[in-house]
Amino acid sequence: MKYVDEYRDAESVRLLSEKINSIITRNWNVMEICGGQTHTILKYRIEELLPPQITLIHGPGCPVCVTPIEMIDKAILLALRPDIILVSYGDMLRVPGSNSDLLEAKSKGGNVKMIYSPLDAIKIAEQNPDKKIVFFAVGFETTAPANAFTIFEAERRGLKNYFMLCSHVLVPPAIEILLKSEKNSINGILTAGHVCTVMGYEEYIPLAEKYKTPMVVTGFEPVDILSGLLMVIYQLENGNCFVENQYGRAVRKEGNIHSKKIISDVFEITDRKWRGIGLIPQSGLKIKSKYSHYDAEIVFNIDTTGFDESDICIAGEILQGLKKPGDCPAFRKECTPEIPLGAPMVSAEGACSAYYRYTK
Ligand code: SF4
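Criteria and thresholds
Residues numbered from 1 in each chain as written. Predicted model: local features only at pLDDT ≥ 70, side-chain atom pairs only at ≥ 80, totals over all residues. Heavy atoms only, no water. Domains from an automatic or database assignment. Contact = heavy atoms within 4.5 Å. Buried area = accessible area lost by both parts, 1.4 Å probe. Salt bridge = Lys/Arg side-chain N within 4 Å of Asp/Glu carboxyl O. Helix = DSSP H or I, 4+ residues; strand = E, 2+ residues; numbered from the N terminus. Nonpolar A, V, L, I, M, F, W, Y, C, P; charged D, E, K, R; others polar. Phe/Tyr/Trp six-rings, centres within 6.5 Å; stacked < 30°, edge-to-face > 60°. Buried < 20%, exposed > 50% of the residue type's maximum accessible area, 1.4 Å probe, protein only. Lys NZ or Arg CZ within 6 Å of the ring centre and 35° of its normal. Disulfide = S-S within 2.5 Å. Core = buried A, V, L, I, M, F, W, Y, C linked by side-chain atoms within 4.5 Å. 1 Å grid on protein atoms, 1.4 Å probe; cavity = no way out; pocket = protein on both sides within 12 Å on 5 of 7 lines; lining within 4 Å. Points joined across faces, edges and corners; volume = space filled by probe spheres on them.

**Some remarks on the domain arrangement of the protein**
Reports of interface size often rely on the accessible area that becomes lost once the parts have come together.
Next, step 1: Domain boundaries assigned for the protein yield domain 1 (5–63 + 173–245) and domain 2 (65–170 + 255–300).
Next, step 2: Residue-level contacts link 15 residues of domain 1 with 20 residues of domain 2.
Next, step 3: Three residues, Pro63, Pro173 and Val198, lead the burial of domain 1 against domain 2; their summed loss comes to 40% of the area buried on that side.
Next, step 4: Our enumeration of links across domain 1 and domain 2 arrives at zero salt bridges.
Next, step 5: Where the side of domain 1 that touches domain 2 is concerned, the elements lending two or more residues are β2 (54–61), α9 (171–180) and α10 (193–199).
Next, step 6: Counting residues per element, the side of domain 1 that touches domain 2 draws most heavily on α10, at six residues.
Next, step 7: Split into classes, the residues belonging to the side of domain 1 that touches domain 2 amount to 10 nonpolar, four polar and one charged.

**Description of the pattern of salt bridges**
Next, step 1: For the structure on display, the rule yields 21 salt bridges.
Next, step 2: The shortest N-O distance in the salt bridge between Arg14 and Glu11 comes to 2.6 Å. Pair noted here: Arg14 and Glu11 are both in helix α1 (residues 10–23), with a separation of three residues, about one helical turn.
Next, step 3: Ionic pairing is found between Asp83 and Arg81, a salt bridge with its closest N-O pair at 2.8 Å.

**Some details on the packing of aromatic side chains**
Next, step 1: Counted by the stated rule, this structure contains seven aromatic pairs.
Next, step 2: Between Phe152 and Tyr291, the ring centres sit 6.4 Å apart and the planes meet at 70°, which makes this aromatic pair edge-to-face. Placement of Phe152 in helix α8 (residues 144–156) and of Tyr291 in the loop between β11 (278–287) and α14 (296–300) is noted, with a sequence separation of 139 residues between them.
Next, step 3: By relative accessible area, Phe152 is classed as partly exposed at 24%.
Next, step 4: Centroid distance Phe163 to Phe300: 5.1 Å. Interplanar angle 75°. Geometry classified as edge-to-face. Separated by 137 residues along the polypeptide, Phe163 in strand β6 (residues 162–169) and Phe300 in helix α14 bring together distant segments of the chain. As far as burial versus exposure is concerned, Phe163 and Phe300 are alike and both buried.
Next, step 5: Every member of this aromatic cluster is reached through a ring pair, and the members are Phe152, Tyr291 and Tyr294.
Next, step 6: Stacked on the ring of Tyr356, the Lys or Arg Arg332 has its end atom at 5.0 Å from the ring centre.

**Description of the state of the cysteines**
Next, step 1: Taken as a whole and assessed by the stated rule, the structure comprises one disulfide.
Next, step 2: The partner cysteine of Cys62 in its disulfide is Cys65, sulfur to sulfur 2.2 Å. Taking the sign of the S-S torsion, 70° for the link of Cys62 and Cys65, the bridge is right-handed.
Next, step 3: The exposure class of Cys62 is buried, given its relative accessible area of 3%.
Next, step 4: On the basis of relative accessible area, Cys65 is assigned to the buried category, the value being 2%.

**Points about the nonpolar core**
Among soluble globular proteins, nonpolar side chains are generally buried collectively.
Next, step 1: Leu78, Leu102, Val134, Phe136, Ile175, Tyr204 and Met215 are the most contacted members of the largest nonpolar core, which totals 58 residues.
Next, step 2: A total of six residues in this core trace back to one element, the largest contributor, which is helix α4 (residues 69–79).
Next, step 3: When we break this core down by domain, the ones giving at least three residues each are domain 1 (5–63 + 173–245) and domain 2 (65–170 + 255–300).
Next, step 4: Beyond its immediate sequence surroundings of up to four residues, Met215 is in contact with Ile175, Leu179, Ile189, Thr191, Tyr204, Leu207, Ala208, Gln235, Phe242, Val243 and Glu244.

**Focus: empty space enclosed by the protein**
Next, step 1: Taken as a whole, this structure holds two cavities of 30 Å³ or more when the rule is applied.
Next, step 2: Estimated volume of the largest cavity: approximately 100 Å³.
Next, step 3: Looking at the largest cavity, it is lined by 13 residues, and the ones nearest its centre are Cys313, Cys328, Cys335, Gly342 and Cys352.
Next, step 4: Classifying every residue of the lining of the largest cavity by side-chain character gives 12 nonpolar, one polar and no charged.

Structure, rendered in structure tokens:
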């Protein structure tokens, strides 16, 4: 299969691994930003192919994991209203809020539907004119264009019953918070290829320079990860710190201009709280005031106070790369994919679910 099989080729993997082993002279910590990359690393046991001098640190790139608990609580409150159908992606339905999750809200009579595409939300709004449809839209820059497009579509189709509960987040401000932290031990970064497919990588250039940290835009297959690591290690060993693009088959420096325009037409940048990390200035997207009649937070004025995280869950430290899932006392005990205590055990991009699936 073009663009997949060749990036899982065992011989290419072996050669890359040998090359990394041959150039490394010191210890380096490299963070992969995206949870999709974490899953590839665990699934293909990439750490076993690396020299012991490389420590991989898993980053915060799981949008479901970082969606703030108060937004989940708001979604649950909306879902329990008889006039509303709450729609979102499958992962979101099982993420714990303060006291329950959206599936539990459904079991209590809430109208919750799982969708596979943002346009499914528009379809549901057309099919249910007597209900208000609230799309719980989360994600990084990757999903922002398609989610923003639903606002255009709702307008074009004259829908008065479509709303969005928007909890989008942006990657570069989160990277800066991690690099600024006193606890930072990151020497190099694999940035998320799909985010850069949309946004390009110009935003990362000043970050790499300011924090003297090489960054490589990297894809999601084993050959991508090992190529990205080779590029990072090569820079580190040579004292360089610039941005390189390993994922050239999908990413241009300037990104996708059309998608960026859709995002900036509908959304504006705002401060956003990240679950487990806290408020990160200018790290989120909110609906622009000209589209505020689609903004569920404004239209329904939902107030959630007194939200509460599980005492035992250390997801915040895992998302910041300070701990690994095995460090959590609840991992594989009280917390499993069937009964998750925290979002990283639910999400397809969560580090805890990756360790649960691919390690013993
Ligand atoms: S294993 Fe469960 S409780 Fe522990 S950090 Fe991960 S999600 Fe939280």
